[in-house]
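Survey of secondary and tertiary structure
The lines below spell out each chain.
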Amino acid sequence: MITIKSKSEIELMKEACKLTGLLYKELEKHIKPGISTYELDKIAEKFMRAHGASPAQKGYNPEIKGVPPFPCAICASINDEVIHGIPSKRAILKEGDILSIDTVVYKNGFNGDAARTFIVGKSKSKEDERLLEITKQAFFEGIKYAIKGNRVGDISHAIGQFVEKNGYSVVREFQGHGIGRQMHEDPGIPNYGKAGKGARLEPGMTLAIEPMVIMGKPDILELDDGWTIITEDGTPAAHYENTILITEKEPEILTLL
Ligand code: MG
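The notes below deal with the structure included here. (Residues numbered from 1 in each chain as written. Predicted model: local features only at pLDDT ≥ 70, side-chain atom pairs only at ≥ 80, totals over all residues. Heavy atoms only, no water.)

1. With respect to the packing of helix H1 (residues 7-30) against helix H2 (residues 37-50)
- As a packed pair, H1 and H2 sit with axes 10 Å apart at the nearest point and diverge in direction by 145°. Crossing of H1 over H2 shows right-handed handedness. Across the interface between the two elements, Leu19, Leu22, Leu23, Glu26, Leu27 and His30 from H1 touch Leu40, Ile43, Ala44, Phe47 and Met48 from H2.
- For the contact of H1 with H2, the per-class residue count stands at nine nonpolar, one polar and one charged. (Axes fitted to C-alpha atoms, helices over the stretch in contact; angles between N-to-C directions. Helix = DSSP H or I, 4+ residues; strand = E, 2+ residues; numbered from the N terminus. Left-handed = near helix turned anticlockwise from the far one by under 90°. Contact = heavy atoms within 4.5 Å. Nonpolar A, V, L, I, M, F, W, Y, C, P; charged D, E, K, R; others polar.)

This is how it looks when you write it as structure tokens:
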């Protein structure tokens, strides 16, 4: 079931989403060679709690047999790790690493979900920089279609086409989603698909749109920790996500300051 948020619910949700945006400004200051993803996770959780919020991902239990609850406030995925990397003291950032962070801030009963990909220090290649740019741009290509009366498939199609036209692959096993009181709500929003298909967009819907892009082939593997997703061919990946609101006109991006 797709939830339509009331005006007052949207106001509450905007607070959670704004905090997510602010959190990235804070994290950005600390993303340098030598820091561990464990330390970044601690900074993120402290920031959330200092603002009367909590990390929605920490303790998240997907209720899949054998998969432990997610232990941290952020997902931190480095280079060929695509998504759901678990922060660790051993994961110390190096110059030129590609770091994707995904986090959900919970406040006032609502969730704000966003992901960003950073290059640590100086980038190793122009191709790495281009991967980040195309991934971010794919989000903006997608939300051009996040208009009342359009369908979810219009967003999916635009993202997938843009990424593939630029020579990269989208991850097919994971997707964007509705969001609100729950971290994951209907509808699912794949990063590929057919225009004109899927649920119709209505004002008051809040959606997390999140291109996950691989430089090489689209195939992925899951590590034994039950969470971390890596590329099968070892090429790097990037992730860019915002929570948006469907309105009578243009969509509003709630997690971008
Ligand atoms: Mg997310």
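Once the structure has been displayed, the description carries forward.
2. Notes on the sheet that holds strand E12 (residues 229-231)
- Strand order in this open sheet of three strands is E3-E12-E11, and the pairing throughout is antiparallel. What marks the edges here is a single partner per strand, and that holds for strand E3 (81-83) and strand E11 (220-222). Neighbour-to-neighbour, the strand axes of the sheet open up by a mean angle of 40°, direction not taken into account. (Pairing = 2+ DSSP bridges.)

3. Notes on the pattern of salt bridges
- Inspection of every chain in the model, using the stated rule, returns 14 salt bridges.
- Linking Glu26 and Lys29 is a salt bridge whose minimum nitrogen-to-oxygen distance equals 3.0 Å. Within this pair, Glu26 and its partner Lys29 are both found in helix H1, separated by three residues, close to a single helical turn.
- By relative accessible area, which is 52% here, Lys29 ends up exposed.
- Counted as one network, the salt bridges with shared partners bring together Glu45, Arg49 and Lys58. (Salt bridge = Lys/Arg side-chain N within 4 Å of Asp/Glu carboxyl O. Buried < 20%, exposed > 50% of the residue type's maximum accessible area, 1.4 Å probe, protein only.)

4. Notes on the coordination of the magnesium ion
- The magnesium ion binds to the protein through Asp102 (OD), Asp102 (OD), Asp113 (OD) and Glu241 (OE), with metal-donor distances spanning 2.0 to 2.7 Å.
- Here the donor residues for the magnesium ion map to a single chain with the spacing D-x10-D-x127-E. Placement of the pair is Asp102 in strand E4 (residues 98-107) and Asp113 in strand E5 (residues 110-119), with a sequence separation of eleven residues. For the pair Asp102 and Asp113, a shared accessibility class is recorded, and that class is buried. (Donors = N, O, S within 2.8 Å, 3.2 Å for Na, K, Ca; no water.)

5. Side note on the packing of helix H3 (residues 126-143) against helix H4 (residues 152-165)
- Two elements in contact, H3 and H4, have axes whose closest approach is 8 Å; the angle formed by their N-to-C orientations is 150°. The orientation of H3 with respect to H4, classified from their angle, is roughly antiparallel. Viewed along their axes, H3 and H4 form a crossing whose handedness is right-handed. Along the contact surface, H3 presents Ile134, Gln137, Ala138, Glu141 and Gly142, while H4 presents Ile155, Ala158, Ile159, Phe162 and Val163.
- Residue composition of the contact of H3 with H4, grouped by class: seven nonpolar, two polar and one charged. (Parallel < 35°, antiparallel > 145°, perpendicular 65-115°, else oblique.)

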